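Descriptive analysis of the structure
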Amino acid sequence: MTQKFYSLFVEHYLEGLLSPLGSVEVSGVITGSERRGIVLFFPKGTIQTERHSLGLLAKVAQSDCSIEVYYEQIGETEVRSCLHKLLSVFSTLNCHASAEGKTLDDNDLPRLWIVVPSASQDLLKGFGAQLELENWTTGIYFLPNVFRIAIVAINQLPVTSETLWFRLLGRGKVQIQAVSELVALPPENLVRRNVLEMVYRWRISVMTQTDLTEDDQELIMNLTEAYQEARAQAVQEGVEQERRQVVENLLRFRFGSVDEELSRVVDSLLQLTPDDFARFLLELSSLSREELLARFNSHE
C-alpha cells in the first residue's frame with residue numbers, strides 16, 4: 001500500500017514544483033489497490049538552470065521528460081517495465097514525425113528519470129548505467145543514450161541545496177535531513193512555502209485512510225514534522241514582530257524617535273522572558289532616556 005500513498009505525494013509535489021516551468025501531466029493508472037503515477041513534463045521555454053531555486057530538478061526539466069519515483073529499491077523487472085513504456089512512447093512519436101515527413105533525433109525524444117531511494121551496483125552494471133560527472137552530480141546514472149533513461153539514486157546525491165528537492169523524496173535519514181533543511185530555509189522562500197502547503201494538503205488527503213503501513217506512517221510523520229516546525233517558527237516570528245512593534249511604538253511615543261542606541265535596547269528587550277519583558281514595559285514610562293540606557297547597559 002505504501003506505493004499508493006507515496007505516489008499521491010509525488011504527484012502533488014512534482015506538479016506543484018514544475019508547473020511554473022511548463023506543462024505537467026499526471027498519468028495515474030489504478031490497478032487493484034495500487035496506484036502508480038508517472039509525471040510527464042514539457043517545458044514552456046528555455047530554463048535558466050544556473051542558481052535556479054529548484055537546483056537539480058530544474059536541470060532535469062530542461063527538456064521533455066517523464067519522472068517515475070519509487071519508494072523502495074527496484075530490480076531489473078521494474079526497469080524493463082519502464083523501458084517497455086518508454087519505447088512505446090518513442091514508437092508513437094516516430095510515427096507522428098514520419099507522417100509529417102520528419103525524422104526525430106535521439107535528443108528530440110523525452111528522457112525517463114527513474115528516481116529511487118537507492119540502487120544496487122548489480123542493477124546499474126546490468127543495464128550499463130554510468131555516471132556523467134562532467135555534467136551531472138554523483139548519484140545520477142545514465143543508461144546508454146539510445147534508451148534515454150537515467151536512474152537517480154537519492155541516497156548517493158550530495159547533501160547540497162541543489163539536490164534538496166530530490167532528497168525530500170528519499171527515505172529514513174535521507175528524508176529527515178532534507179526535511180530539516182527545508183524548515184531552515186528563510187520563511188520568505190517561495191518554494192519552501194509552496195512545498196509546505198503541498199505537504200499540508202497531501203497529509204489531509206491521506207490521514208483519513210485506515211490501511212496505512214508503518215512506512216506510510218513514517219512518511220507522513222517526516223513530512224508533517226516539516227509543516228509543524230515551519231508553522232511553529234512562523235508563530236514565533238509573528239510574536240517577536242508584534243513585541244518589537246509594541247516596544248518601538250512606546251519608545252517613539254516617549255522619546256520622539258528610535259535611533260541606533262534605542263534600537264539596541266529593543267533588541268535586548270526581545271531576549272527577555274515574557275514576565276521580564278512585561279515588567280520592563282511597565283517601568284518604561286517612568287524612565288528617562290539616560291536611565292533606560294543605563295538599565296540596558298547593566299543587562300549586557
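Quantities reported herein were computed from a predicted structural model and do not represent experimental measurements.

Our focus in this paragraph is the confidence of the model for the protein chain. In this model, the protein chain carries an average pLDDT of 81, and 82% of its residues clear a pLDDT of 70 or more. Note that pLDDT drops below 50 for residues 29-36; the model gives that stretch 19 contacts with residues more than four away or on any other chain.

Of note, R148 is a non-glycine position whose phi angle comes to about 55°, a positive value. Position of R148 among the secondary structure elements: in the loop between β6 (140-142) and β7 (149-153). With relative accessibility at 5%, the residue R148 sits in the buried group.

Per the stated rule, a full pass over the model turns up 9 salt bridges. Residue K102 is joined to E100 by a salt bridge in which the shortest nitrogen-to-oxygen separation is 3.5 Å. Exposure remark for K102: the relative accessible area of 52% places this residue in the exposed category. A single salt-bridge network, built from bridges that share partners, covers R244, E248 and D267.

Across soluble globular proteins, you tend to see nonpolar side chains buried next to one another. Judged by nonpolar contacts, the single largest core of 47 residues is most densely connected at Y13, L17, L57, I67, W113, W165 and V195. Looking at this core, the element that brings in the most residues is helix α1 (residues 2-18), giving 8 residues. Excluding residues within four positions of it along the chain, W165 makes contact with Y13, L17, S53, L54, L57, L182, L185, V191, R192 and V195.

Once that is clear, we can look at the pairing of strand β3 (residues 65-69). Of all 5 residues that make up β3, 5 are buried, and the element is covered over most of its length. Burial along β3 is two-sided: the residues C65, I67 and V69 and S66 and E68 are all buried. As paired strands, β3 and strand β4 (residues 111-116) are joined by 5 bridges and run parallel to one another. Its bridge partner lying in β4, I67 is registered against W113. Taken together, β3, helix α3 (residues 76-99) and β4 constitute a β-α-β crossover, and its handedness is right-handed.

Following the sequence through the fold, L123 ends up in helix α4 (residues 121-126). For L123 and V79, which are 44 residues apart along the polypeptide, the C-alpha to C-alpha distance reads 9.1 Å. Here L123 is in contact with I74, G75, E76 and V79, once residues within four sequence places are set aside.

It is worth spelling out the pairing of β7 at this point. Across the 5 residues that make up β7, a large majority, 5, are buried. Here β7 shows no split at all, with I149, I151 and A153 on one side and A150 and V152 on the other all buried. Examined bridge by bridge, β4 and β7 share 5 bridges and lie parallel to one another. Within the sheet, the bridge partner assigned to V116 lies in β7 and is A153. Between the antiparallel neighbours β6 and β7 lie 6 residues, among them R148 with a positive phi of about 55°.

In this description, a pair of aromatic rings is defined by centroid distance and the angle of the planes. Tallying each qualifying case throughout the model produces 3 aromatic pairs. Plain terms: the ring middles of W113 and W136 are 5.2 Å apart, the flat faces sit at 50° to each other, and that makes the pair tilted. Highlighted residues: W113 in strand β4 and W136 in the loop between β5 (130-131) and β6, separated in sequence by 23 residues. This pair shows no difference in class: W113 is buried, exactly as W136 is. Through successive ring pairs, a cluster of aromatic residues spans W113, W136 and F142. When the ring centre of W136 is taken as origin, the NZ or CZ atom of K59, which lies over that ring, is 4.3 Å away. A cation over a ring is seen here: R171 above Y71, with NZ or CZ 4.2 Å from the ring centre.

Note that I114 resides in strand β4. Assessed through its relative accessible area of 0%, I114 is described here as buried. Spatially, the C-alpha atoms of I114 and E78 are 9.8 Å apart, while their sequence positions differ by 36 residues. Beyond its immediate chain neighbours, meaning those up to four positions away, I114 contacts E68, Y70, I74, C82, I149, A150, I151 and V152.

Definitions and limits used
Residues numbered from 1 in each chain as written. Predicted model: local features only at pLDDT ≥ 70, side-chain atom pairs only at ≥ 80, totals over all residues. Heavy atoms only, no water. pLDDT = per-residue confidence, 0-100. Contact = heavy atoms within 4.5 Å. Helix = DSSP H or I, 4+ residues; strand = E, 2+ residues; numbered from the N terminus. Buried < 20%, exposed > 50% of the residue type's maximum accessible area, 1.4 Å probe, protein only. Salt bridge = Lys/Arg side-chain N within 4 Å of Asp/Glu carboxyl O. Core = buried A, V, L, I, M, F, W, Y, C linked by side-chain atoms within 4.5 Å. Pairing = 2+ DSSP bridges. Right-handed = clockwise from strand over helix to strand, strands pointing away. Phe/Tyr/Trp six-rings, centres within 6.5 Å; stacked < 30°, edge-to-face > 60°. Lys NZ or Arg CZ within 6 Å of the ring centre and 35° of its normal.

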